[in-house]
Amino acid sequence: MSLSERLNSFLNTNRGDIEAELRARLPVSSLPAASRLNDALEYALFPGGKRLRPALSLLASTLTGVPRAEALTIACAVEFLHSSSIVIDDLPGMDDAHLRRNRYTLHLVFGEGTALLAALALLNQSYKLFAEAARSHACAGAVERLISEATYAVGAEGMIGGQMLDLELKADCSDTRSLAGRDLKTVALMRLMMTAGAIATGADDADTRALRVFGECFGKAYQVCDDLLDECRDGHSSSLKTVGQDARHGRANAVSALGRRGAYRLALELTERGTHALTAHFGRRAEVQLLSDAAHYVIDQVPDLVTAEDYSLTAVSAGD
């Protein structure tokens, strides 16, 4: 399924500004011996596909009144953080992936050492940009709160902890709590990208809460759909990324725990819960509609072999 017309229009309208900001903020080194690092950073970030995450971050920031310049800074920080995480995720000691964004993964082109350093450079730059965006509003304590939220999202209770659980969980695991912890590497980033603008500007707690619920539900649904895509292509590589990873490493995921039908049902329920939280608080604003479109677009990517039976919202609501 393709993007909705309005979401596609939003992405096309904002991609130029996002690309320009990313290039201007890329943490290149001036040291003469660091040219290989700079080349790796360029390779990791450009070209970057739809730029869905920074665009969604822009929408979330707009909902809470963040000025355009600061919203772009936050969007850039989100994309650097995301890119850092996927470089690490692809490493031989992690997923040992071969493809990402329709090209060989960074470590295959530049080596593991350079790939790891590039990931760390991007991660550090994201912290710098979050602090800069929060500081520009002169809101008391905003820098501390946003950096604290960002480090929590990345840390042992967030993306790093989730990655560790991903490495440890075996295919026969049926512990839903452990699976939820493993999903933190996706959920934590989605929560941060939805709430960073609100935290930077000291937005109302209710605004931040609605965005947090949407981010967490969207992140969980995204991970479930990613698991379905990983399973449903029978281990063949797509042109965008290596698939069949969990089966190859003997790791548990939503499909091994719930089955294809149960996993898809969960993704639908999470999507509806998250979009309802946004609509109930912010109403049917244009930004809410676009965020809802993005969540449903992720669901629509699940292959027909899963959805062809009776996976509609009506069927799911009615039960098996």
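On a predicted model such as this, the values are computed, not experimentally measured, just so you know.

Colleague: An account of the overall build of the chain is requested, with residue identities and associated values reported.
Modeller: In terms of helices and strands, the chain carries 16 helices and two strands. Counting only residues that meet the buried cut, the chain has 54% of its 320 residues in that class. Taking contacts inside the chain between residues at least 6 apart in sequence as the whole, the part at least 24 apart equals 75%.

Colleague: I'd like a description of the packing of helix 1 (residues 5–25) against helix 4 (residues 68–90), backed by residues and values.
Modeller: One can describe the packing of helix 1 onto helix 4 by two numbers: an axis separation of 9 Å at closest approach and a directional angle of 70°. The angle between helix 1 and helix 4 places the two elements in the roughly perpendicular class. Along this stretch, helix 1 crosses helix 4, giving a crossing that reads as right-handed. The residues of helix 4 that touch helix 1, namely those facing Asn 14, Asp 17, Ile 18, Glu 21, Leu 22 and Arg 25, are Arg 68, Leu 72, Thr 73, Cys 76, Glu 79 and Phe 80. Taken together, the residues of the contact of helix 1 with helix 4 sort by class into five nonpolar, two polar and five charged.

Colleague: Break down unusual backbone geometry for me, with residues and values.
Modeller: For the peptide bond that leads from Phe 46 to Pro 47, omega is -10°, which places it in the cis range. You can see Pro 47 is positioned in the loop between helix 2 (35–45) and helix 3 (52–63). Phi is positive for Arg 51, which is not a glycine, with a value near 60°. Looking at the secondary structure, you find Arg 51 in the loop between helix 2 and helix 3. You will see that Asp 96, though not glycine, has its phi angle at about 50°, which is positive.

Colleague: Residue-level account of the nonpolar core, with values.
Modeller: Counting 89 residues, the largest nonpolar core has Leu 56, Leu 106 and Phe 130 as its most contacted members. Among the elements that line this core, the one with the most residues is helix 6 (residues 112–135), at eleven residues. Apart from the residues lying within four places of it in its own chain, the contact partners of Phe 130 are Ile 74, Ala 77, Val 78, Leu 146, Ile 147, Ala 150, Leu 192 and Ala 196.

Colleague: Talk me through the pattern of salt bridges; I want residue IDs and the actual numbers.
Modeller: Throughout the structure, instances matching the rule amount to 15 salt bridges. Between Arg 6 and Asp 293 there is a salt bridge, with its nearest N and O atoms 2.5 Å apart. Placement of the pair is Arg 6 in helix 1 and Asp 293 in helix 14 (residues 286–300), with a sequence separation of 287 residues. Residue class for Arg 6 comes out partly exposed when judged on its relative accessible area of 43%. Through salt bridges that share partners, Glu 19, Arg 51, Glu 79 and Arg 101 make up one connected network.

Colleague: Go over the packing of aromatic side chains, please, and point to the residues and values.
Modeller: Evaluation of the coordinates by the stated rule reveals two aromatic pairs. Where Tyr 43 meets Phe 110, the ring centres are 5.6 Å apart and the plane angle is 70°; that geometry is what we call edge-to-face. Taken together, the positions of Tyr 43 in helix 2 and Phe 110 in helix 5 (residues 106–110) put the pair 67 residues apart, joining distant regions of the chain. Exposure class is identical for Tyr 43 and Phe 110. Each is buried. Aromatic side chains Phe 214 and Phe 218 sit 5.5 Å apart centroid to centroid with 40° between the ring planes, which places their arrangement in the tilted category. Of this pair, Phe 214 and Phe 218 both sit in helix 11 (residues 205–232), four residues apart, roughly one helical turn.

Colleague: So, the side chain of Asp 90: which residues are in play, and what are the values?
Modeller: One can find Asp 90 in helix 4. A polar contact of 2.8 Å, which involves the side chain of Asp 90, links it to the side chain of Arg 100. Among all residues touching Asp 90, those that are not within four sequence positions of it are Asp 95, Asp 96, Ala 97, Arg 100, Thr 105 and His 107.

Colleague: Tell me about the side chain of His 107, residues and numbers included.
Modeller: Looking at the secondary structure, you find His 107 in helix 5. The exposure class of His 107 is buried, given its relative accessible area of 7%. Residues in contact with His 107, not counting those within four places in the same chain, are Asp 90, Leu 91, Pro 92, Asp 96, Ala 97, Glu 112 and Ala 115.

Colleague: I'd like a description of the confidence of the model for the chain, backed by residues and values.
Modeller: In the predicted model, the chain carries a mean pLDDT of 87, and 84% of its residues have values of at least 70. Averaged over each element, pLDDT in the chain is lowest for helix 16 (residues 313–318) (40) and highest for helix 5 (98). Confidence drops under pLDDT 50 across residues 235–242; counting only partners more than four residues distant or on other chains, this segment forms 21 contacts. Low pLDDT, under 50, characterises residues 310–320; the stretch is placed with 14 contacts to residues that sit more than four places away or in other chains.

Colleague: Quick one: what's the story with a nonpolar patch on the surface, residue by residue and with numbers?
Modeller: On the surface, Tyr 104, Leu 108 and Val 109 cluster together into a nonpolar patch covering about 300 Å² of accessible area. Summarising the element assignment, Leu 108 is placed in helix 5. With a relative accessible area of 44%, Leu 108 lands in the partly exposed category.

Colleague: Report on helix 4, specifying residues and quantitative values.
Modeller: With 23 residues, helix 4 should reach 33 Å at 1.5 Å per residue; the first-to-last C-alpha distance of 33 Å fits that figure. Of all the 23 residues making up helix 4, 19 are buried; the element is thus mostly covered by neighbouring parts of the structure.

Definitions and cut-offs
Residue positions within a chain follow its written sequence, with the count starting from 1. For a predicted model such as this one, the threshold for reporting local features is a pLDDT of at least 70, and the threshold for listing and counting side-chain atom pairs is 80 or more; totals across whole chains, interfaces and linings nevertheless cover every residue. Side-chain measures were taken over the full set of non-hydrogen atoms in the model, leaving aside hydrogen atoms and water. Going along the chain from the N terminus, every DSSP run of H or I of four or more residues is numbered as a helix, and every run of E of two or more is numbered as a strand. Think of it in three bands: residues with accessible area under 20% of the maximum for their type are buried, residues over 50% are exposed, and the middle band is partly exposed, with areas taken using a 1.4 Å probe on protein chains only. What makes two residues a contact is simply this: any of their non-hydrogen atoms within 4.5 Å. To obtain an axis, a line is fitted to C-alpha atoms, over the contacting stretch when the element is a helix, and the angle between two such axes runs from 0 to 180 degrees between their N-to-C directions. Should an angle fall under 35 degrees it is called roughly parallel, over 145 degrees roughly antiparallel, and 65 to 115 degrees roughly perpendicular, with every other angle called oblique. Two helices cross in a left-handed way if the nearer one is turned anticlockwise from the farther one by less than a right angle. They cross in a right-handed way if the turn is clockwise. Each residue receives one of three labels: charged for Asp, Glu, Lys and Arg, nonpolar for Ala, Val, Leu, Ile, Met, Phe, Trp, Tyr, Cys and Pro, and polar for the others, Gly being one of them. Here, nonpolar core means buried Ala, Val, Leu, Ile, Met, Phe, Trp, Tyr and Cys residues that are tied together by side-chain atoms lying within 4.5 Å of each other. Salt bridges, as used here, are contacts in which a Lys or Arg side-chain nitrogen is within 4 Å of a carboxyl oxygen on Asp or Glu. Pairing of aromatic rings covers Phe, Tyr and Trp, the last through its six-membered ring, and needs centres within 6.5 Å; plane angles under 30 degrees mean stacked, over 60 mean edge-to-face, and all others mean tilted. In protein, a polar contact means a hydrogen-donor-capable atom and an acceptor-capable atom, both N or O and within 3.5 Å, with residues adjacent in sequence counting only if both atoms are side-chain atoms; elsewhere, any N or O pair within 3.5 Å suffices. Confidence scores here are pLDDT values: one per residue, from the predictor, ranging 0 to 100. A patch is a set of surface residues, each over 30% in relative accessible area and not in a salt bridge, joined within 9 Å for like charges and within 5 Å for the nonpolar side chains Val, Leu, Ile, Met, Phe, Trp and Tyr. To be clear on the numbers: accessible area is Shrake-Rupley with a 1.4 Å probe, and residue cover counts the displayed protein chains and nothing else. Expected helix span is computed as 1.5 Å times (number of residues minus one).

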